[in-house]
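Now for the letters of each chain:
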Amino acid sequence: MADERRRRTRAEYEQGLPGYHDPTSGLGGTTPGRSALTLRAVLAGFGLVVCAVGAVLAWQAGLAWFAVVLGVLAVVALADLGWVLHRKSRGEPG
């Protein structure tokens, strides 16, 4: 347990952290999963742009409730994009 709490090095992130996202990895001979961070960043960026533009257009069309919903989704996409870019800056592959 003490080994799991220590600060990881950049080299460890570059190699990937096996089983990082799957608590059951390694059981029954399964291979550890890896995250597709670049794909996730592209999808979050696309969602951010689509939701932000949609919110502006919905606001101009007088659909305030729909603009708010799209605005909230744009903020969620922005937070996800920020977290993915943070993980990639640490050197995680994907």
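Calculation rules
- Residues numbered from 1 in each chain as written.
- Predicted model: local features only at pLDDT ≥ 70, side-chain atom pairs only at ≥ 80, totals over all residues.
- Heavy atoms only, no water.
- Helix = DSSP H or I, 4+ residues; strand = E, 2+ residues; numbered from the N terminus.
- Buried < 20%, exposed > 50% of the residue type's maximum accessible area, 1.4 Å probe, protein only.
- Contact = heavy atoms within 4.5 Å.
- Areas by Shrake-Rupley, 256 points an atom, 1.4 Å probe, with all protein chains shown as cover.
- Salt bridge = Lys/Arg side-chain N within 4 Å of Asp/Glu carboxyl O.
- Expected span 1.5 Å × (residues − 1).
- Patch = residues over 30% accessible without salt bridge, like charges linked within 9 Å, V, L, I, M, F, W, Y side chains within 5 Å.
- Axes fitted to C-alpha atoms, helices over the stretch in contact; angles between N-to-C directions.
- Parallel < 35°, antiparallel > 145°, perpendicular 65-115°, else oblique.
- Left-handed = near helix turned anticlockwise from the far one by under 90°.
- Nonpolar A, V, L, I, M, F, W, Y, C, P; charged D, E, K, R; others polar.

> Which parts of the structure should I look at to understand the overall build of the chain?
Across its full length, the chain holds four helices and zero strands. Helices (α) and strands (β) of the chain occur, in sequence order from the N terminus, as α-α-α-α. Each of the 94 residues in the chain was classed as buried or not, and the buried ones make up 24%. Residue pairs in contact within the chain that sit at least 24 positions apart in sequence constitute 65% of those at least 6 positions apart. As presented, the chain carries roughly 6,700 Å² of accessible surface, and 67% of it is formed by carbon and sulfur atoms.

> Explanation requested: the pattern of salt bridges in the structure shown.
Two side chains with opposite charge may pair up if their charged atoms get near one another. One pass over the full model with this rule turns up one salt bridge. Across the salt bridge formed by Asp80 and Arg40, the nearest N and O atoms sit 2.6 Å from each other. On the criterion of sequence distance, the pair formed by Asp80 in helix H4 (residues 64-89) and Arg40 in helix H3 (residues 37-60) is long-range, its members being 40 residues apart. Overall, Arg40 belongs to the partly exposed group, its relative accessible area being 31%.

> Honestly, H3 in this entry has me stumped. Any pointers?
Since the α-helix turns once every 3.6 residues, residues separated by three or four places project in the same direction. With 24 residues, H3 should reach 34 Å at 1.5 Å per residue; the first-to-last C-alpha distance of 34 Å fits that figure. Inspection of H3 places Leu37, Ala41, Ala44, Gly47, Cys51, Gly54, Ala55 and Ala58 among the buried residues, and these make up the whole buried set. Each element contacted by the buried residues of H3 is listed here: H4. The positive-phi residue at the C-terminal boundary of H3 is Gly62, with phi of around 85 degrees.

> I tried to follow a nonpolar patch on the surface on my own but got confused; where do I start?
A cluster of nonpolar side chains, contributed by Leu63, Trp65, Phe66, Val69 and Leu73, occupies part of the molecular surface with about 490 Å² of accessible area. Positionally, Val69 belongs in helix H4. Overall, Val69 belongs to the partly exposed group, its relative accessible area being 39%.

> Just to check I follow, could you spell out the packing of H3 against H4 for this structure?
How two helices sit against one another is set out by the angle between their axes and by the gap between those axes. Between H3 and H4, whose axes approach to 8 Å, the crossing angle comes to 155 degrees. If you check the angle between H3 and H4, you find them roughly antiparallel. Remark: the crossing between H3 and H4 carries left-handed chirality. Within the contact of H3 with H4, the residues separate by chemical class into 20 nonpolar, five polar and four charged.

> I tried to follow H4 on my own but got confused; where do I start?
When the terminal C-alpha atoms of H4 are compared, their 37 Å separation across 26 residues agrees well with the 38 Å that a helix rising 1.5 Å per residue should span. Those residues of H4 not exposed but buried are Ala67, Leu70, Ala74, Ala77, Leu81, Val84 and Arg87. Gly91 occupies a position one or two residues after H4 and carries a positive phi of about 105 degrees.

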